[in-house]
Structures are given as structure tokens and as C-alpha cells.
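Here is how the chains run, residue by residue.
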Amino acid sequence: MSSSANHQSDGPPDAVSSVVAPQLRALRRRAALTLEAAARAAGLSPAHLSRLETGQRQPSLPMLLSLARVYGTTVSELLGEKAAERDAVVRAGGMEPTAAGGWTYWQAGGSGRGMQALRVRVPHGSQGDIVRVHPGEEWLYVLRGRLRLRLGDAVHLLAPGDSAHFDSLTPHRIAAQDVDGLELLFVHTLLQSPTTALCLGPVTTPTRHTPGEMP
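The model shown is predicted, which means the values in this text are computed figures rather than measured ones.

What counts and how
Residues numbered from 1 in each chain as written. Predicted model: local features only at pLDDT ≥ 70, side-chain atom pairs only at ≥ 80, totals over all residues. Heavy atoms only, no water. Pairing = 2+ DSSP bridges. Helix = DSSP H or I, 4+ residues; strand = E, 2+ residues; numbered from the N terminus. Axes fitted to C-alpha atoms, helices over the stretch in contact; angles between N-to-C directions. Buried < 20%, exposed > 50% of the residue type's maximum accessible area, 1.4 Å probe, protein only. Contact = heavy atoms within 4.5 Å.

J.: Just give me the short version of the sheet that holds strand E8 (residues 172-176), but keep the residues and values in it.
T.: With antiparallel pairing, the 3 strands of this open sheet are ordered in space as E6-E5-E8. The open sheet has two edge strands with one neighbour each: strand E6 (154-158) and E8. When strand polarity is set aside, the average angle formed by the axes of neighbouring strands in this sheet is 15°. In this sheet, E8 lies alongside strand E5 (residues 147-151) in antiparallel orientation, the contact comprising 5 bridges. Bridge assignment links Arg 148 to a residue of E8, and that residue is Ala 175.

Next comes the structure, spelled out in C-alpha cells:
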């Protein structure tokens, strides 16, 4: 079975399709891609992509994320949303802290874009048992302290200067290894996510560990 089968569980056309369809066609042509090449890169069949471009089918969110990456754009643009003019530079004095779930965030990039950049302070013992799973990609860079990062079944200990780049659909946990906590840079492609959702994420039942065992 081809990978396109997983993408083709979308529903019948609706009002969204009438907006997205011409955008999909225009962005594909802007990227100078044939229907076949774009479909192959997005894991779709050419016939299915053609139906999306003509408004006969409604794309799912994973499909929109795949096509946005192929066309080098954002889901917002695929949906026909026009972003307001934004300043390219974010000054340190303009970064207001936001607290959520014990973590503290500073917005380090523009809002409403295809990527979100944050500076994050993670206290020791905060949210160490929360597992996050969501669409997109994440890039982490440790500024201060040590980060205990669990990706699937693997556990990694990152020191200042270390970084990690992974698919956010991989179940992951983020925790401070030391009592002084840690500070990191965090860039992700989960569009328009409120800080609270980024902080808390989907919660699963924590696994019991013996004393001294690294979760």
C-alpha cells in the first residue's frame, strides 16, 4: 500500500475547499512543480492532488502541512490568509514573559508565522511526566543547565551548546536534569499554538519508575 493512502482520509468538499483549491494550484505553479512532482513529494497520488486543486475534495490538516512544506509556505497562506506586515526584528526589551504550567516563555520571533521561536525557562521537577505528541517539527538548543530529553524509547542528556531536531509526532518529554533548572531556545512548526498548549501538550498517564531511574 502506498503512503498516499494515509493522506486520503479527507472529507467531501465544503466552503474551505473553494478557498484552498485555487491557492493550492497557484502555489504549485509558483514553485514550478508539475502535478506529478508535487503529489509525489507530498505523498499523494496525482489524481488526488488534482481533486484538491479543483475543489472536489477537502484536504486534511496533515495533508495541508505536507503541501505547505513542499511549496515552501505556511498553512495560513494555503488557507488564503494574508498576514499583516510585521517587524523582522524582535528586541530583547519587547520580549514579555508568559508563564504556563510552571514554565516561562519569551516570544523570540514573529507571531502567526510558519515557525514559532521561543526562549524557555524550565524549572526542575516541572512537567517531567508529560508526554507531548503533535504535528510538526521541533528544534531545541540548550542555553543553560542540562536538558533530559526523551524521544520515544530513547533518553538523551543535553548540555549547554547541544541541540536536538525531531519530528513532533515522536512522543517526547522535556525536563531539567539539575535542581537549578534549564534555559533553552525552542523553534517549532506547530502553527498558531497558544503558549499553554505548547507548555502542557497532550498528557498521558505517567509511567512508574523505581527510585533513581531516569524517566
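J.: Go over the pairing of strand E3 (residues 116-122), please, and point to the residues and values.
T.: With burial as the criterion, only one face of E3 is covered, namely that bearing Gln 116, Leu 118, Val 120 and Val 122; the residues Ala 117, Arg 119 and Arg 121 on the opposite face remain uncovered. Inspection of the sheet shows strand E2 (residues 103-107) paired to E3 by 4 bridges, in the antiparallel sense. Bridge pairing in E3 places Tyr 105 opposite Val 120. Across 7 bridges, the pairing between E3 and strand E9 (residues 182-188) is antiparallel. Its bridge partner being in E9, Arg 119 is matched across the sheet by Leu 185.

J.: Describe in detail the environment of Ala 108, supporting the description with residues and values.
T.: Looking at the element boundaries, Ala 108 is found in the loop between E2 and E3. Not counting the four nearest positions on each side in its chain, Ala 108 is found in contact with Val 90, Met 95, Ala 117, Leu 118 and Arg 119.

J.: So what's going on with helix H4 (residues 61-71)? Which residues, and what values?
T.: Listing the buried residues of H4 in full gives Met 63, Leu 64, Leu 65, Ser 66, Leu 67, Ala 68 and Tyr 71. Once H4 finishes, Gly 72 follows within two positions and takes phi at roughly 65°, a positive value.

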